[in-house]
Amino acid sequence: MSFWDRIKPTTRPVSATEVELSPEKTRLNLTWEDGVKTDATAQHLRQQCPCAGCVDEWTNKRTLDPARVPADLRITQVQPVGNYALTFVFSDGHGTGIYPWKLLRDITQPQG
Ligand SMILES: [Zn+2]
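Below or above, wherever it landed, is the structure these notes cover. All values reported here derive from a predicted model rather than from experimental measurement.

### Observations concerning the coordination of the zinc ion
So, step 1. For the zinc ion, the protein coordination sphere consists of Cys-49 (SG), Cys-51 (SG), Cys-54 (SG) and His-94 (NE2), at 2.1 to 2.4 Å.
So, step 2. Seen from the zinc ion, its four donor atoms lie at angles of 102 to 114 degrees, and the figure they make is tetrahedral.

Okay, here's the thing in structure tokens:
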């Protein structure tokens with residue numbers, strides 16, 4: 001086995017090619033490079049926020065109470081982080097979570 005075979009990543013996470021917010025901004029729609037379309041509400045994304053303010057970084061336990069995230073929460077901003085993740089600003093002002101593609105694929109639901 002050559003040096004280059006050994007350092008080659010074995011699986012590259014699939015990434016989204018299209019990122020869209022619903023008109024009322026309460027829902028995120030993703031189209032993935034393998035053709036799959038998924039979506040999730042802003043409330044659900046906020047409840048799954050992986051940042052250190054929402055998940056204890058030592059115990060991995062979620063410190064955010066999901067019941068405190070309102071159903072009408074909106075996404076006010078979506079930004080790519082390099083080519084591996086997205087970050088959101090929510091209408092409650094929270095915006096420190098970085099959502100890698102793999103996490104987004106796991107927490108969004110296939111459409112149809
Ligand atoms: Zn958070």
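### Topic: the packing of aromatic side chains
So, step 1. Overall, the coordinates contain three aromatic pairs when judged by the stated rule.
So, step 2. Measuring from centroid to centroid gives 5.9 Å for Trp-32 and Trp-101, while their planes differ by 80 degrees, and the two rings are edge-to-face. Of this pair, Trp-32 sits in strand β2 (residues 27-32) while Trp-101 is found in helix α3 (residues 101-107), placing the two residues 69 residues apart along the sequence.
So, step 3. On the accessibility criterion, Trp-32 (1% relative accessible area) is buried.
So, step 4. Between the aromatic rings of Phe-88 and Phe-90, the centroid separation amounts to 6.0 Å while the plane-to-plane angle is 45 degrees, which identifies the pairing as tilted. As far as burial versus exposure is concerned, Phe-88 and Phe-90 are alike and both buried.
So, step 5. The ring centre of Trp-32 lies 5.2 Å from the NZ or CZ of Arg-105, which sits over that ring.

### Some thoughts on the pairing of strand β5 (residues 85-90)
So, step 1. Most of β5 sits out of view: five of its six residues are buried.
So, step 2. Here strand β4 (residues 75-81) pairs with β5 via six bridges, running antiparallel. Paired with Val-81 across the bridge in β5 is Ala-85.
So, step 3. Here β4 folds back onto β5 in antiparallel fashion, the turn holding three residues, of which Gly-82 has a positive phi close to 55 degrees.

### Digging into unusual backbone geometry
The phi torsion of most residues other than glycine is negative, and most of the peptide bonds are trans.
So, step 1. A positive phi angle, close to 65 degrees, is found at Lys-25, a residue other than glycine.
So, step 2. Relative to the helices and strands, Lys-25 is located in the loop between β1 (16-21) and β2.
So, step 3. What makes Lys-25 partly exposed here is its relative accessible area of 35%.
So, step 4. Its identity as a non-glycine residue notwithstanding, Asn-60 has a phi of 70 degrees, on the positive side.

### Here's the deal with the sheet that holds strand β3 (residues 37-41)
Each strand in a sheet pairs with another by means of backbone hydrogen bonds, the pair being arranged parallel or else antiparallel.
So, step 1. Strands sit in the order β1-β2-β3-β7 across an open sheet of four strands; the sheet is antiparallel. The two strands at the open ends of the sheet, each matched to only one other strand, are β1 and β7 (109-110).
So, step 2. Of the pairings in the sheet, the one linking β3 to β7 comprises two bridges and is antiparallel in character. Note that in β7 the partner of Thr-38 across the bridge is Pro-110.

Conventions we followed
- For every chain, the first residue of its written sequence is number 1, and the numbers climb from 1 along that sequence.
- Local features in this predicted model are restricted to residues whose pLDDT is 70 or higher, and side-chain atom pairs enter the listing and the counts only when it is 80 or higher, whereas totals over whole chains, interfaces and linings include all residues.
- Hydrogen atoms and water are omitted, and side-chain values are computed over all heavy atoms in the structure.
- As a rule, N, O and S atoms within 2.8 Å of a metal are its donors, except that Na, K and Ca use 3.2 Å; water is not among the atoms, so sites may look incomplete.
- Site shape is set this way: if four donors have all angles between 85 and 135 degrees, tetrahedral; if opposite donors are over 155 degrees apart and all others between 65 and 115, square planar for four donors and octahedral for six; otherwise irregular.
- Within 6.5 Å between ring centres, the rings of Phe, Tyr and Trp (the latter by its six-membered ring) count as paired, and their orientation is classed by plane angle as stacked under 30 degrees, edge-to-face over 60, tilted in between.
- In DSSP terms, a helix is any run of H or I states spanning at least four residues, a strand is any run of E spanning at least two, and both are numbered starting from the N terminus.
- Using a 1.4 Å probe on the protein chains alone, a residue whose accessible area is under 20% of its type maximum counts as buried, one over 50% counts as exposed, and one in between counts as partly exposed.
- Only when the NZ atom of a Lys or the CZ atom of an Arg is both within 6 Å of the ring centre and within 35 degrees of the ring normal do we say a charge sits over the ring.
- Should DSSP find at least two bridges between two strands, the strands are regarded as paired.

Geometric descriptors of this kind do not, in isolation, establish any biological role.
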